Amino acid sequence: MADYKKLFPLLIKNPDLHYLDSGATTLKPQVVLDKIMEYYTEYSANIHRGLYPMSERATMEYENVRKKVATFINTKHESEVVFTSGTTASLNLVSRGWGEDNILEGDEVVISEMEHHSNLVPWQELCKRKGAILRYWLVEDFQLVMADMETYIGPKTKLIALTQVSNVLGTVNPIEEIVERARKINPKICIVIDGAQAVGHFKVDIQELNVDFYAFSAHKMYGPTGVGVLYAKASRQLQMSPENFGGGMIKEVHKEGASWAIGPEKFEAGTPPIAQVIGLGAAVDFLSGIGMETVASHEKELIDYAIGKLEKYSNIRVLGKKNNRIGVFSVVFNDEDMGTAHDWSSILGSKFNVCVRAGHHCAMPLHNLMGLPSGTLRASLGIYSTKEDIDAFVEGLIEVRKIFEETDNG
Ligand SMILES: Cc1ncc(COP(=O)(O)O)c(C=O)c1O
């Protein structure tokens, strides 16, 4: 198994760290940090404004990233790539910018029970504002109940918003099949996909998925925080209103009113996160350099190893399927009085140098559905993860259990 740790300065500085929280945010490779530094030290000008060479360079680098992202996720046009501050901002932009004008009273919006709050609350709020009906697609056995699809989606369904990958279970939803079946029922249905846990893990092809909107964050794919992408299909962009108003997004402004630019600029008012976008471009190059097939197979080998290892412990329950998944997995102990996920995570961190996340992972309805309202312990893999990291996690977890068993007996 290739050693990618040496590409990440944080792991070079902390060789004993077992970072298993890439689902929350990934670490950043040197090449991404270098590219951000290059912007600040060589051409740190604003974009789309100056006509002097340094500003032209900054504009060219920024717009090049739009091209890179378009190629990376295979959009039809590069103008379909809108830069936002992250997945949450992208999904809110769709719910406000598209939903406000296009969802009417009595319309139906379908989401699933496994959504992250970022792909749940914006739709709840939109439906409240518009008098629309929010329907939940059921999850059973850690996956969407596909047989029920036609009972949720009908002629009144205007929009479906689903995650491609669950950030709790690691389940990969069959988006292509869902899109095909949904469009047979209602060809005009608007399909929004939350790709936050997908883009850094396997090849995403927007034209193959045939969706209307697709959201993701740079910081979960080895890029910087503060920037993300909304893929917005050209025909849908024309149906959207801007959410933010100001410089850079207008065509003309008069005392009486203003008109908007056509294309992604319409949604990128003000000075955008230039350094972060440039850093995102370096993250795309980093992933393309490794190759998404290698990224996916590295993760598959590790998740198979982790599940195989955890299966040997009958008192640890892994929440998720064996197949059609990525390397995000949540666990609980099978019996009560063994503390909470928060306890386990803080002991793993302080005693075993293992970084994992505890709680409901911004998916409260899913945790309630699983009967685990106080949360789970989640480990999530990245390209730098190794079998040693998984060993440290599993062995640490067994030790944590012993601590609670002793407390319980004593
Ligand atoms: C599935 C999913 N959707 C949305 C988000 C929100 O991403 P961000 O906080 O980068 O906006 C996350 C973050 O954990 C996620 O896992």
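Here the structure is a predicted model, which is why all the values come from computation and not from measurement.

A. Here's a closer look at the pattern of salt bridges. Here the structure, examined in full by the defined rule, presents 30 salt bridges. A salt bridge links Lys-35 to Glu-61, with the shortest nitrogen-to-oxygen separation between them at 3.2 Å. With a gap of 26 residues between them, Lys-35 in helix α2 (residues 30-42) and Glu-61 in helix α3 (residues 53-72) connect regions that are remote in the sequence. We classify Lys-35 as partly exposed; its relative accessible area is 22%. Three or more residues joined by partner-sharing salt bridges are found here, namely Lys-35, Glu-38, Glu-42, Arg-57 and Glu-61.

B. Just the side chain of Arg-325, in detail. Checked against the element boundaries, Arg-325 lands in the loop between β13 (316-319) and β14 (328-333). There is no salt bridge for the buried Arg-325, and the closest opposite charge comes from Asp-304, which lies 6.9 Å off by N-O distance. At 2.5 Å, the side chain of Arg-325 forms a polar contact with the backbone oxygen of Val-328. In this structure, Arg-325 is in contact with Leu-169, Gly-170, Thr-171, Val-172, Ile-303, Ile-307 and Gly-320, ignoring residues within four places of it in sequence.

C. Highlighting the site of the ligand. Not every one of the 13 residues close to the ligand is listed here, only the nearest: Thr-88, Asp-194, Gln-197, Ser-217 and Lys-220. Residue His-116 places a side-chain N or O atom 3.5 Å away from an oxygen atom belonging to the ligand.

D. Focus on the sheet that holds strand β16 (residues 357-359). The 4 strands are arranged β13-β14-β17-β16 in an open sheet whose pairing can be described as antiparallel. Across the chains shown, the open sheet's two edge strands, defined by having one partner strand only, are β13 and β16. The average angle at which neighbouring strand axes cross in this sheet is 30°, direction not considered. In the sheet, β13 pairs with β14 via 4 bridges, with the strands oriented antiparallel. When the sheet's bridge partners are listed, Val-318 is paired in β14 with Val-331. Against the sheet, helix α11 (residues 292-311) touches β13 and β14, its axis set at about 10° to β14.

E. Looking closely at empty space enclosed by the protein. Going through the model one piece at a time under the given rule, you end up with 1 cavity of 30 Å³ or more. Volume-wise, the largest cavity comes out at about 30 Å³. Lining the largest cavity are Tyr-222, Val-295, His-298, Glu-299, Gly-382 and Ile-383. For the lining of the largest cavity, the per-class residue count stands at 3 nonpolar, 2 polar and 1 charged.

F. Local environment of the packing of aromatic side chains. Counted by the stated rule, this structure contains 14 aromatic pairs. Ring geometry for Phe-8 against Phe-286: centres 5.8 Å apart, planes inclined by 85°, an arrangement best described as edge-to-face. With a gap of 278 residues between them, Phe-8 in the segment before α1 (9-13) and Phe-286 in helix α10 (residues 274-290) connect regions that are remote in the sequence. By the burial criterion, Phe-8 is buried, and Phe-286 matches it. Here the aromatic rings of Tyr-214 and Phe-216 are separated by 6.1 Å at their centres, their planes lie at 65°, and the arrangement is edge-to-face. Neither residue differs from the other here; Tyr-214 and Phe-216 are each classed as buried. Here the aromatic cluster, defined as three or more aromatic residues joined through ring pairs, consists of Phe-8, Tyr-19, Tyr-222, Phe-286 and Tyr-384. Above the face of the Phe-72 ring, Lys-203 is positioned so that its terminal group lies 5.8 Å from the ring centre. Taking the ring centre of Tyr-305 as reference, the NZ or CZ of Lys-387 above it sits at 5.3 Å.

Cut-offs applied
- Positions within a chain are numbered from 1, following the residues in the order the chain's sequence is written.
- Totals for whole chains, interfaces and linings use every residue, but because this is a predicted model, local features are given only for residues with pLDDT of at least 70 and side-chain atom pairs only at 80 or more, for both listing and counting.
- Note that the side-chain values use all heavy atoms of the structure and ignore hydrogens as well as water.
- When a carboxyl oxygen of Asp or Glu is within 4 Å of a side-chain nitrogen of Lys or Arg, the pair counts as a salt bridge.
- A run of H or I in DSSP becomes a helix once it reaches four residues, and a run of E becomes a strand once it reaches two; helices and strands are each numbered from the N terminus.
- In this scheme, a residue with accessible area under 20% of its type's maximum is buried, one over 50% is exposed, and one in between is partly exposed, where area comes from a 1.4 Å probe on protein chains only.
- A residue counts as positive if it is Lys or Arg and as negative if it is Asp or Glu; His and the chain ends are not included.
- Definition of a polar contact: a pair of N or O atoms within 3.5 Å, with one able to donate and the other able to accept a hydrogen when the atoms are protein atoms, and with sequence-neighbouring residues admitted only if both atoms are side-chain atoms.
- Here, residues are in contact when the closest pair of their heavy atoms is within 4.5 Å.
- Note on terminology: near, applied to a residue and a molecule or strand, indicates that one of the residue's heavy atoms is within 4 Å of it.
- The criterion for strand pairing is that DSSP finds at least two bridges linking the strands in question.
- A fitted line through C-alpha atoms serves as each axis, taken over the contacting stretch for helices, and the angle formed by two N-to-C directions is quoted from 0 to 180°.
- Points on a 1 Å grid, built from protein atoms alone, make a cavity when a 1.4 Å probe fits but cannot get out and make a pocket when they are open with protein on both sides within 12 Å along at least 5 of 7 lines; residues with an atom within 4 Å of a point are the lining residues.
- Grid points are joined across faces, edges and corners, and a volume is the space filled by probe spheres set on the points.
- Note on residue classes: Ala, Val, Leu, Ile, Met, Phe, Trp, Tyr, Cys and Pro are nonpolar, Asp, Glu, Lys and Arg are charged, and everything else, Gly too, is polar.
- For this analysis, a ring pair means two rings from Phe, Tyr or Trp (six-membered ring only for Trp) whose centres lie within 6.5 Å, classed as stacked if their planes differ by under 30 degrees, edge-to-face if by over 60, and tilted for the remaining angles.
- In this scheme, the term charge over a ring applies when either NZ of a lysine or CZ of an arginine sits within 6 Å of the ring centre and within 35 degrees of the ring normal.

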